[in-house]
Amino acid sequence: MDEIWIFLFSFLSAFLVCLLLMPSYIKKAKATGVTGLDIHKPGSPAIAECGGVILILAYLIGLFAFIPFINEALSLEIIGAAATVLFASFIGFIDDIYETRWRIKVLTPLIGTVPLIVMRLGRTTMWTPIGFLDFGVFFYFLILPFIVTASANAVNMFAGLNGQEAGSSAIMAVALLFLSIRLVKPMGSIILIPFLGALIAFLFYNRFPSRVFPGDIGTFGMGTVIACVAVLADL
């Protein structure tokens, strides 16, 4: 896993997929009325919504690009991370369509915890600032659900200004990538490299003046990627 070109291939795959598919998505979303009002611009123009579907698609393509080059253990963790992100993103998509109440929205990412729990069966320890701790059964029913739910909702609550959700997620991803490299946590780098590629491309369209919003499908997905890094890379 020391070959830099593998990471570069993953980064470019996610970056190019998001960069090239987003213009078509924006046009189609506007044509079909999948839009939201940008209240921070004069006249509150209609902006394409749910752009997170392209962001997450690009990320997953970049993530799966690693599989032919890594061992089976890391491949299984990639599949677990991808399933967790997909679950959370799908829940966000449902919320985008039906506009659920906040009290329900806050708890729905709990469902996305299931694949992550399966990946960690038999392992109840986690690194903390005071070292590794064994949480026992509470790791599955309290710690993991809290990490995923808190991360997904934290990014979702950042929503408001153009580029704020994706920009803040990119900053967190860079910091976590630095830690992954310094602490030699290959799973952290694997999860984060394609994530950064997709985010940077997405910001071309989401920065001010934004042409597309991520929607809950995007914010839940972004937050869940951060949660997967924390759990699977012990960061």
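For clarity, every value in this text was computed on a predicted model and none was experimentally measured.

Q: Please clarify how the packing of helix α6 (residues 138–158) against helix α9 (residues 215–232) should be interpreted in this entry.
A: For any two helices packed against each other, the geometry comes down to the angle between their axes and how far apart the axes lie. The interhelical angle for the contact between α6 and α9, taken along N-to-C directions, is 140 degrees, at an axis separation of 7 Å. By the angle between their axes, α6 is oblique relative to α9. Considering only the axes of α6 and α9, their crossing is right-handed. Across the interface between the two elements, Leu144, Ile147, Val148, Ser151, Ala152, Asn153, Val155 and Asn156 from α6 touch Asp216, Thr219, Phe220, Met222, Gly223, Thr224, Ala227 and Val231 from α9.

Q: When you look at helix α2 (residues 52–64) in this model, what are you seeing that I'm missing?
A: Structural remark: α-helix, 3.6 residues per turn; residues separated by three or four positions point the same way. Here α2 contains 13 residues, and its C-alpha end-to-end distance of 18 Å stays within 8% of the 18 Å for a straight helix at 1.5 Å per residue. Listing the buried residues of α2 in full gives Gly52, Ile54, Leu55, Ile56, Ala58, Tyr59, Leu60, Gly62 and Leu63. Each element contacted by the buried residues of α2 is listed here: α1 (4–32), α3 (72–98), α8 (186–206) and α9.

Q: When you look at the environment of Lys30 in this model, what are you seeing that I'm missing?
A: Residue position: Lys30 is located in helix α1. Overall, the relative accessible area of 46% leaves Lys30 in the partly exposed class. Taking the C-alpha atoms as reference points, Lys30 and Ala46, 16 residues apart in sequence, are found 8.0 Å from one another. With sequence-adjacent residues up to four places away left out, Lys30 is seen in contact with Thr35, Ala46 and Ala48.

Q: Before we go on, may I ask you to explain the side chain of Glu77 in this structure?
A: Within the secondary structure, Glu77 is located in helix α3. Of the residues examined, Glu77 reaches a relative accessible area of 12% and is grouped as buried.

Q: Whenever I open this one, the pairing of strand β4 (residues 131–134) confuses me. Can you help?
A: Regular strands place their side chains on alternate faces of the sheet. Taken together, the four bridges between strand β3 (residues 125–128) and β4 define a ladder with antiparallel strand orientation. Of the residues in β4, the one forming a bridge with Thr128 is Gly131. Here β3 folds back onto β4 in antiparallel fashion, the turn holding two residues.

Q: Is there a simple way to explain the nonpolar core in this structure?
A: Membership of the largest hydrophobic core comes to 64 residues, with the highest contact counts inside it found for Met22, Tyr59, Ile190, Ile191, Phe195 and Val212. Listing elements by their share of this core, those giving two or more residues are α1, α2, α3, α6, α7 (164–182), α8 and α9. Counting residues per element, this core draws most heavily on α8, at twelve residues.

Q: Got a minute to help me understand a nonpolar patch on the surface in this structure?
A: Together, Phe87, Ile111, Val114, Val118 and Leu121 give the surface a local cluster of nonpolar side chains, amounting to about 460 Å² of exposed area. By secondary structure assignment, the location of Val114 is in helix α5 (residues 114–119).

Q: How should the packing of aromatic side chains be read in this particular structure?
A: The geometry of an aromatic ring pair comes down to the distance between the two centres and the angle between the two planes. Summed over all chains, the structure comprises six aromatic pairs. Taking 6.2 Å as the distance between ring centres and 70 degrees as the angle between the ring planes, the aromatic pair formed by Phe15 and Phe204 counts as edge-to-face. Of this pair, Phe15 sits in helix α1 while Phe204 is found in helix α8, placing the two residues 189 residues apart along the sequence. Judged by centre distance (5.6 Å) and plane angle (75 degrees), the rings of Tyr59 and Phe195 are edge-to-face. Remark: Phe195 occurs in helix α8 and Tyr59 occurs in helix α2; sequence separation between them is 136 residues. The buried category is assigned to Phe195, whose relative accessible area is 1%. Through pairs of rings, three or more aromatic residues link up here, namely Phe11, Phe15 and Phe204.

Conventions used here
- Residues numbered from 1 in each chain as written.
- Predicted model: local features only at pLDDT ≥ 70, side-chain atom pairs only at ≥ 80, totals over all residues.
- Heavy atoms only, no water.
- Axes fitted to C-alpha atoms, helices over the stretch in contact; angles between N-to-C directions.
- Helix = DSSP H or I, 4+ residues; strand = E, 2+ residues; numbered from the N terminus.
- Parallel < 35°, antiparallel > 145°, perpendicular 65-115°, else oblique.
- Left-handed = near helix turned anticlockwise from the far one by under 90°.
- Contact = heavy atoms within 4.5 Å.
- Expected span 1.5 Å × (residues − 1).
- Buried < 20%, exposed > 50% of the residue type's maximum accessible area, 1.4 Å probe, protein only.
- Pairing = 2+ DSSP bridges.
- Core = buried A, V, L, I, M, F, W, Y, C linked by side-chain atoms within 4.5 Å.
- Patch = residues over 30% accessible without salt bridge, like charges linked within 9 Å, V, L, I, M, F, W, Y side chains within 5 Å.
- Areas by Shrake-Rupley, 256 points an atom, 1.4 Å probe, with all protein chains shown as cover.
- Salt bridge = Lys/Arg side-chain N within 4 Å of Asp/Glu carboxyl O.
- Phe/Tyr/Trp six-rings, centres within 6.5 Å; stacked < 30°, edge-to-face > 60°.

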